[in-house]
Amino acid sequence: MNNIQSYKNAFLISLIYFIFGVIWIAISDNLVAQIATKADDLTLLQNYKGWFFIVVTTIFLYILTYRFFKSSLLQYSKEIGLKKAHQKEIFKHDSLIRAIVNNSPDSIYAKDIQGRYILFNESSSSIIGMPKEEVIGETDSLIFPDEVASRVKEVDKKILATKLIQTHEEEITTKSGVTKNFLVTKGPLFTEDGEVFGLFGISRDITEQKKHEKFLIDSKKEQYILAHQDRLTKLPNRLHMTEYLDGKFVQKNPFSLILLGLDGFKVINDSYGHKFGDSLIIGAVELLKSVFDKDSFIARIGGDEFAIVLDSDDKEHIEFLMEKLKKNFNIPFVVDETDVYITASLGISICDFSQKSLDELLQEADSAMYNAKKMGKNTYRFYDDTFIQEALIHTQIATNLKKALQNDELELYYQSQNDPINRKVVGVEALLRWKSQEGIISPAVFIPIAEETGLIIEIGNLVLKQGCQAATLWHQKGVLNGKVAINISPKQLSHPTFLQNLDNIIKETKCEPEWIELEVTEGSLMQNPSQAILLLQHIKNRGFSISMDDFGTGYSSLSYIKDLPIDKIKIDQSFIRNIKNDLKNQTIVKSTISLAKGLSVIVLAEGVETEDELEFLKAEKIDFIQGYYYTQPMPLSEMEELLIFNQSS
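Residues numbered from 1 in each chain as written. Predicted model: local features only at pLDDT ≥ 70, side-chain atom pairs only at ≥ 80, totals over all residues. Heavy atoms only, no water.

Caption draft 1: Broad picture of the overall build of the chain. In terms of regular secondary structure, the chain is built from 22 helices and 21 strands. Across the 649 residues that make up the chain, the buried fraction comes to 40%. Of all intrachain contacts in the chain linking residues separated by at least 6 positions in sequence, the fraction that spans at least 24 positions is 62%. Just so you have it, the chain exposes about 37200 Å², and 56% of that area is on carbon and sulfur atoms. (Helix = DSSP H or I, 4+ residues; strand = E, 2+ residues; numbered from the N terminus. Buried < 20%, exposed > 50% of the residue type's maximum accessible area, 1.4 Å probe, protein only. Contact = heavy atoms within 4.5 Å. Areas by Shrake-Rupley, 256 points an atom, 1.4 Å probe, with all protein chains shown as cover.)

In structure tokens, the structure reads:
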């Protein structure tokens, strides 16, 4: 464009000069011809005309060339200025790019088509521990192990082939052995013609970020484990079991739920300590794993309770496993070189999806386990519809029992204890009765429920108070020479405040300890014999008499019985029934009477109802008799009348 304009300008100047020259020659020659008359004048005028033309054209050329050079100089100066300004902008831009690239915390680099580095910033050098001058012109093989270099090369080839920018994570190990994680962005580099001449890369070090992410993931896993795993056994816990069963309900495949409770674990745990108990729990877990296959779900859902989920509804197969489990429980656990025998009660609910919810399934298995314990423990029961009804009755009784305490529905009845020789009343036993609005409820029904719910402590204190009041009344009236026997439940006896409550009641009722005989069961004493001996000694030191109730029904150790500070042994009525014809019962009763005599302890037979039973016991020199043969339990007023009659006869 500039060349065309130059041609135009040069042509214009030449044309002007040509026209001026033609006009000048034509006019000047004509004028000279008219003026000059002589040849000398013509020559002189021609010289003047030539000099004048030279001067005028010189001036004209001067003006033109001046303007031309001035214009050219201005244009040149302008172009030089623009060029300098452009170079300055390029320098600023280049300086900015270098500053960004070299001061960026990210690794920034570029490679040509052959994979040779053409750009390598300071951060890249710091990461690999190598000056960038050594890297420029080299490939990845210089800075990375062969395996890493090959992997990076494959990624680069893919980017050059697709001509697309890609972002991905890479774990890179340098030849120095440093491994780091990077978030990498790579893309192609294009010429002005759109041809790929290389690729660029930006790698951000995310090693610490990945460590933090891993920490969060590990923490989440740990929190999940803590929330779903039993710490002692590493088995799933109750929450995990619930979530697992929710999944089983969704799958709609048949399965069975077994709840297992260890019988008497609390006694062992309290007697030997928690460390011993933990070892026993772990032993029980190993036993369960040996019986149930690895596909079975086993969870610890409580202190001594476990849940087993079987992918089977085959009752015969389940019964086979239950018998195998019972057999294995017959083998003692060895804990701290001590043989420990423990049994288990199991409740089984087969899920046929007639259950409306998971809660119903759990309730069924729990009811079955409760029934197994009620049946004597060391057994298993499949759920039956009657269990729920029994459980509802159980719950209703527990609720009404609390109300009965508040409404004074609990009352003491009394049964006499007699001398078999002269038939005289030598003492009375206080027996609790519950007169509810539905009628009289047997102690055999509500006492176990009171034990389970903890109401037995409050009920036991009520019985103690009423029994002491009766003893005070009858001794003040002089109608009772013997003692009032009051039953103490195992939980009441082992309660930390028992002795304090006993002292307070004695003080409140103005009763003398010598008027009271405390009856404790054989089982409650054998739970922790050493502790029982100390406790009974404290009771004896206060002046109370102590009798062992239901003797022969527990698992007494003679080595402990000889040390127990007891005054009386009561033979359980189960050994008295049909004693005339039952040789085994005869042997047991004779041995018990002989044992009591040898220990200088009074022996009393409970549940005597017939003349034959009385005569046999008299022949064996029994000390005292209690039972329907003499009297049935009766209210305080009726017993007082009997005592008055006994005194007068």
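Caption draft 2: Structural context of the pairing of strand E6 (residues 255-263). For E6, a buried count of nine out of nine residues is recorded, marking the element as mostly surrounded by other parts of the structure. Of the two faces of E6, the one holding Phe255, Leu257, Leu259, Gly261 and Asp263 and the one holding Ser256, Ile258, Leu260 and Leu262 are both buried throughout. When E6 meets strand E11 (residues 343-351), the two strands line up antiparallel, connected through nine bridges. The residue bridging Leu262 from the neighbouring strand is Ala344, located in E11. Note that E6 and strand E8 (residues 305-310) share six bridges and pair antiparallel. Bridging from a neighbouring strand, Leu260 pairs with Phe306 of E8. (Pairing = 2+ DSSP bridges.)

Caption draft 3: Representation of the sheet that holds strand E12 (residues 380-382). Read across the sheet, five strands follow the order E7-E8-E6-E11-E12 without closing on themselves; strand pairing throughout is mixed. A strand with exactly one partner marks an edge of an open sheet, and here the two such strands are strand E7 (297-300) and E12. Averaged over all pairs of adjacent strands, the angle between their axes in this sheet comes to 15 degrees, without regard to strand direction. As judged from the four bridges shared by E7 and E8, these two strands associate in the antiparallel manner. Counterpart to Ile298 in the pairing with E8 is Ile308. (Axes fitted to C-alpha atoms, helices over the stretch in contact; angles between N-to-C directions.)

Caption draft 4: Just the packing of helix H7 (residues 238-251) against helix H11 (residues 358-374), in detail. It is at 10 Å that the axes of H7 and H11 come closest, and there the two elements cross at 115 degrees. Taken together, H7 and H11 sit at an angle that is classed as roughly perpendicular. For the crossing formed where H7 meets H11, the hand is right-handed. Along its contact with H7, which presents Met241, Thr242, Leu245, Asp246 and Phe249, the element H11 presents Leu358, Leu361 and Leu362. For the contact of H7 with H11, a count of residues per class yields six nonpolar, one polar and one charged. (Parallel < 35°, antiparallel > 145°, perpendicular 65-115°, else oblique. Left-handed = near helix turned anticlockwise from the far one by under 90°. Nonpolar A, V, L, I, M, F, W, Y, C, P; charged D, E, K, R; others polar.)

Caption draft 5: Broad picture of the packing of helix H8 (residues 265-272) against helix H9 (residues 274-291). Look at H8 against H9: their axes get within 6 Å of each other, and the N-to-C directions meet at 140 degrees. It follows that H8 is oblique to H9 by the angle criterion. Across the interface between the two elements, Phe265, Ile268, Asn269 and Tyr272 from H8 touch His274, Phe276, Gly277, Leu280 and Ile281 from H9. Here the residues of the contact of H8 with H9 sort into six nonpolar, three polar and no charged.

Caption draft 6: Structural view of helix H20 (residues 583-598). Across its 16 residues, H20 extends 22 Å between first and last C-alpha, which sits within 8% of the 22 Å expected from 1.5 Å per residue. Inspection of H20 places Asn585, Gln586, Val589, Thr592, Ile593 and Ala596 among the buried residues, and these make up the whole buried set. For H20, the angular spread of buried residues about the axis comes to 135 degrees, placing them on one side. Exposed residues on H20 whose side chains face more than 90 degrees from its buried face are Leu583, Lys584 and Gly598. On its buried face, H20 sits against strand E18 (545-551), strand E19 (568-571), strand E20 (602-605) and helix H21 (611-619). Here H20 starts with a cap whose side-chain oxygen sits 3.1 Å from the backbone nitrogen of Lys584, and that cap is Asp582. The positive-phi residue at the C-terminal boundary of H20 is Ser600, with phi of around 60 degrees. (Expected span 1.5 Å × (residues − 1). Arc of directions from axis to C-beta. Polar contact = N/O pair within 3.5 Å; in protein donor to acceptor, adjacent residues only side chain to side chain.)

Caption draft 7: The arrangement of the nonpolar core in detail. Formed by 75 residues in total, the largest nonpolar core has its most connected members in Trp474, Val484 and Ile539. Examining the composition of this core, we find that 10 residues originate from one element, helix H14 (residues 455-477), more than from any other. Residue contacts for Val484: discarding those within four places in its chain leaves Tyr414, Val428, Ala430, Gly467, Ala471, Trp474, Trp515, Ile516 and Glu517. Leu310, Phe329, Val335 and Tyr380 belong to the second largest nonpolar core, which has 33 residues in total. (Core = buried A, V, L, I, M, F, W, Y, C linked by side-chain atoms within 4.5 Å.)

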